[in-house]
Every structure is written in structure tokens, then in C-alpha cells.
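Structural overview
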Amino acid sequence: MTKAYAALLRGINVGGNKKLPMAELRSLLTDLGHGDVRTYLQSGNAVFTSDHDDEEALATRLRAAIGARFGFDVEVLVRDHDYLKAVADACPFPAGVLQGKQLHVTYFSEPVEESRFASLDLAAFLPEEVRLGDRALYLYAPDGLGRSPLAEALARSGPPKGVVATSRNWNTVLKLVELTAP
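Summarised in this report is the structure supplied together with it.

Rules used throughout
- Residues numbered from 1 in each chain as written.
- Predicted model: local features only at pLDDT ≥ 70, side-chain atom pairs only at ≥ 80, totals over all residues.
- Heavy atoms only, no water.
- Helix = DSSP H or I, 4+ residues; strand = E, 2+ residues; numbered from the N terminus.
- Buried < 20%, exposed > 50% of the residue type's maximum accessible area, 1.4 Å probe, protein only.
- Contact = heavy atoms within 4.5 Å.
- Phe/Tyr/Trp six-rings, centres within 6.5 Å; stacked < 30°, edge-to-face > 60°.
- Lys NZ or Arg CZ within 6 Å of the ring centre and 35° of its normal.
- Pairing = 2+ DSSP bridges.
- Axes fitted to C-alpha atoms, helices over the stretch in contact; angles between N-to-C directions.
- Parallel < 35°, antiparallel > 145°, perpendicular 65-115°, else oblique.
- Left-handed = near helix turned anticlockwise from the far one by under 90°.
- Nonpolar A, V, L, I, M, F, W, Y, C, P; charged D, E, K, R; others polar.

This part covers the side chain of His 81. Counting through the fold element by element, His 81 comes out in helix α3 (residues 81-89). You can call His 81 buried: its relative accessible area is 12%. His 81 has contacts with Ala 4, Val 177, Thr 180, Ala 181 and Pro 182, leaving out every residue within four places of it along the chain.

Right, dumping it as C-alpha cells:
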């Protein structure tokens, strides 16, 4: 059965590093045998269909292909439509009344325990807030990510060793749900 997926690439086309033109990413995904390949923005979002149902294997194969073709390593998460929609639907913040730049989701390759952030005094960052979901972290930053002290603190603590993490603003979260919809 063919399924729609989003590939979330971490840290490409940011600050002149790891340049990966989206047309070349589309070509690479097509060469890997995927269908209905599209990209969204220049920041490493691609959607495609595949008969394979192992997200981890799809991510590993894409990561290896990027390394072989472009000569650099990129962490990749692959998630299907159902997961992306569930994350959007489970948002603990009033997404409908917030601007897209105020709300972000960090997707993780595996579950992260709340204890990971125990060293942070979250009350000191109010009105900014963070909540954990299913392999996801929701960040409410009223002044945007670039001005967020909480985002900076979270980045310093980073995900646990071996866990891939990549963030998207709420507009991108919703667009990926739309682009992977059946």
C-alpha cells in the first residue's frame, strides 16, 4: 500500500552550510523510487509517496543517498501523514489564535522523557512554554523563535545523545499535514 510521507532534513541551507537545492532533493527522492515528490520551502521539507512502510529505513536510505551525492551528512526524519496530523491535533496551545512564528514543533527520532528538561527552571521563561508530545516538543514563543530565551536554553541542553531532532514553525507543521493528506 502506498503511503505519503514527509522527510524532515535537519540543518540544510542554513547560514550557507550544507547547501542542498530543492530541485536536486526532488530528483534524488525520485531516483530512490519514490512518487509524487514535492518540496516545501528551502529548509529541508520534502513529501513523497512510497510502498515502503518503515520510516526509519526510509530515513536511513535518504540520509545515505544525500551523503553519497552531496558529500555531507544530514540527519533525516521521515514521518507519515497520520503521525504528522496527530502531532498537529494534539497541540496543547491555542494554535488557532496564534501566529505561525509563535508556535514551533521539534520532532524527535524517539520519545524524550520530561526529565530531560528538569534542569531548566521553566517558570523563569514565562510567558514562553514548552510541552512534550509523542516524539515531539511544542514550544510557545510569543516573540518568535529568534528572540526566545527558552528556545536558546533548549538548544543548549539539546536532545539526548543519539536522538535526532529538527524543528518546524507551526505554518510548516500544518503545510506538511496538508501536503501528505490522502
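Another aspect to go through is the packing of aromatic side chains. A full pass over the atoms with the stated rule returns four aromatic pairs. Relative to Tyr 140, the ring of Phe 93 lies with its centre 5.8 Å away and its plane at 35 degrees, an arrangement referred to as tilted. Of this pair, Phe 93 sits in the loop between α3 and β5 (103-108) while Tyr 140 sits in strand β7 (residues 136-140); the two residues are 47 residues apart in sequence, bridging distant segments of the chain. On the basis of relative accessibility, which here comes to 9%, the residue Phe 93 falls in the buried class. Assessed through its relative accessible area of 17%, Tyr 140 is described here as buried. Positioned above the aromatic ring of Tyr 83 is the side chain of Arg 79, whose terminal nitrogen or guanidinium carbon lies 5.4 Å from the ring centre.

The strand order across the open sheet built from four strands is β6-β7-β5-β8, with neighbouring strands paired in antiparallel fashion. Since the sheet does not close on itself, it has two edges, and those belong to β6 (129-133) and β8 (165-169), each with one partner. This sheet shows a mean twist of 20 degrees between the axes of neighbouring strands, independent of strand direction. Two strands pair when backbone bridges link them, and β5 and β8 are joined in this way by five bridges, in the antiparallel orientation. What sits directly across from Thr 106, in β8, is Ser 167.

Another point: the pairing of strand β4 (residues 76-80). Within β4, five of the five residues are buried, leaving the element largely enclosed by the surrounding structure. Alternating residues of β4 divide into Val 76, Val 78 and Asp 80 and Leu 77 and Arg 79, and every residue in both groups is buried. Strand direction decides the pairing type here: strand β1 (residues 3-9) and β4, joined by five bridges, are antiparallel. Within β4, the position partnered with Leu 9 by the bridge is Val 76.

Our focus in this paragraph is the packing of α3 against helix α5 (residues 170-179). Describing two packed helices takes the angle between their axes plus the distance from one axis to the other. Packing of α3 against α5 leaves a shortest axis separation of 9 Å and a crossing angle of 140 degrees. One way to sum up the angle between α3 and α5 is to call them oblique. Handedness of the crossing formed by α3 with α5: left-handed. Where α3 approaches α5, its residues His 81, Leu 84, Lys 85 and Ala 88 are matched on the opposing element by Trp 170, Val 173, Leu 174, Leu 176 and Val 177. Of the residues belonging to the contact of α3 with α5, the class tally is seven nonpolar, one polar and one charged.

Moving on, we come to the sheet that holds strand β2 (residues 35-40). Read across the sheet, four strands follow the order β2-β3-β1-β4 without closing on themselves; strand pairing throughout is antiparallel. Of all strands in the sheet, those with a lone pairing partner are β2 and β4, marking the two edges. Strand-to-strand, the axes of this sheet are offset by a mean angle of 20 degrees, without reference to chain direction. Lying over the sheet, helix α2 (residues 55-70) contacts β1, β3 (45-50) and β4, oriented at roughly 145 degrees with respect to β4.

As a further point, take unusual backbone geometry. The peptide bond linking Leu 126 to Pro 127 adopts the cis configuration, its omega dihedral lying at 15 degrees. Of note, Pro 127 is situated in the loop between β5 and β6. In this model, Asp 36 sits at a positive phi of 45 degrees, which is unusual for a non-glycine residue. Here Asp 36 is to be found in strand β2. Not every positive phi belongs to a glycine, and Leu 41 is a case in point at roughly 60 degrees. By secondary structure assignment, the location of Leu 41 is in the loop between β2 and β3.

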